[in-house]
Amino acid sequence: QVHVVESGGGLVQPGGSLRLSCAASGNIFRIYAMAWYQQAPGKQRELVAGIITGGSANYADSVKGRFTITRDNAKNTVYLQMNSLKPEDTAVYYCNVKAVMIAATTWRDYWGQGTQVSVSS
């Protein structure tokens, strides 16, 4: 089994910053990609930012220039630095890991439990 645990959410004022962390552990053979998704109340879960093993990253248009995703391959950890936060960034943020378990033949999606980010004055 692969365990995915997020941390770092909280309440912040507009214009503030937060840093989310996500660590994957367990019987991992290889991680291909890690990503952050957001889900606001009444809305579908949407991709915020993703990063592959080689370091190439992609971002949703709404967060370009404000959010930065980085990854520590040695620690199977991904981070999301969120700056210039806006009220519309309020959502539960989920970490997604695309990984192959030891003795498995294909990759699977693994999800964390989510961490709440609230942006309000």
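What counts and what doesn't
- Residues numbered from 1 in each chain as written.
- Predicted model: local features only at pLDDT ≥ 70, side-chain atom pairs only at ≥ 80, totals over all residues.
- Heavy atoms only, no water.
- Pairing = 2+ DSSP bridges.
- Helix = DSSP H or I, 4+ residues; strand = E, 2+ residues; numbered from the N terminus.
- Axes fitted to C-alpha atoms, helices over the stretch in contact; angles between N-to-C directions.
- Buried < 20%, exposed > 50% of the residue type's maximum accessible area, 1.4 Å probe, protein only.
- Salt bridge = Lys/Arg side-chain N within 4 Å of Asp/Glu carboxyl O.
- 1 Å grid on protein atoms, 1.4 Å probe; cavity = no way out; pocket = protein on both sides within 12 Å on 5 of 7 lines; lining within 4 Å.
- Points joined across faces, edges and corners; volume = space filled by probe spheres on them.
- Nonpolar A, V, L, I, M, F, W, Y, C, P; charged D, E, K, R; others polar.
- Core = buried A, V, L, I, M, F, W, Y, C linked by side-chain atoms within 4.5 Å.

Colleague: What am I meant to see in the sheet that holds strand S8 (residues 77-82) here?
Modeller: To summarise the sheet geometry, strands pair through backbone hydrogen bonds and adopt either a parallel or an antiparallel arrangement. As summarised here, the arrangement of the four strands in space is S1-S3-S8-S7, forming an open sheet in which the pairing is antiparallel. Edge positions in the sheet fall to strand S1 (2-7) and strand S7 (67-72), since each has one partner strand and no second. Ignoring strand direction, the axes of neighbouring strands in this sheet form an average angle of 15°. Pairing between S7 and S8: six bridges, direction antiparallel. Each residue of the ladder has a partner; that of Arg-71, found in S8, is Val-78.

Colleague: Can you help me understand the pairing of S1 in this one?
Modeller: It is a general feature of regular strands that their side chains alternate between the two faces of the sheet. Side-chain alternation along S1 places Val-2, Val-4 and Glu-6 on a buried face and His-3, Val-5 and Ser-7 on a face that remains uncovered. Of the pairings in the sheet, the one linking S1 to strand S3 (residues 18-26) comprises six bridges and is antiparallel in character. Paired with His-3 across the strands is Ser-25, a residue of S3.

Colleague: Can you help me understand the pattern of salt bridges in this one?
Modeller: Where charged atoms of side chains with opposite charge meet at close range, the side chains can pair. Enumeration over the complete set of coordinates arrives at three salt bridges. Among the salt bridges present, the one from Asp-61 reaches Lys-64, with a minimum N-O distance of 3.1 Å. Relative accessible area serves as the criterion here: at 64%, Asp-61 is assigned to the exposed category. A salt bridge links Asp-109 to Lys-98; its shortest N-O distance comes to 2.7 Å. On the criterion of sequence distance, the pair formed by Asp-109 in strand S10 (residues 108-111) and Lys-98 in strand S9 (residues 91-101) is long-range, its members being 11 residues apart. On the accessibility criterion, Asp-109 (31% relative accessible area) is partly exposed.

Colleague: Please explain the layout of surface pockets as it appears in this structure.
Modeller: It is the rolling of a water-molecule-sized probe over the atoms that shows where space remains empty. Reported here for the largest pocket is a volume of approximately 240 Å³. Surrounding the largest pocket, 16 residues form its lining, Gln-38, Lys-43, Glu-46, Ser-62 and Glu-88 being those nearest its centre. Mapped onto the lining of the largest pocket, the elements with two or more residues apiece are strand S4 (28-39) and strand S5 (46-52). The residue inventory of the lining of the largest pocket, partitioned by class, reads five nonpolar, five polar and six charged.

Colleague: Please clarify how the nonpolar core should be interpreted in this entry.
Modeller: Nonpolar side chains tend to gather and get buried jointly when the protein is soluble and globular. Core analysis: the largest hydrophobic core is formed by 31 residues, its most contacted members being Trp-36, Leu-80, Met-82, Tyr-93 and Val-97. Going through the elements one at a time, S1, S3, S4, S5, S7, S8, S9 and strand S11 (115-119) are the ones with two or more residues in this core. Sorting elements by how many residues they give to this core places S9 first, with six residues.

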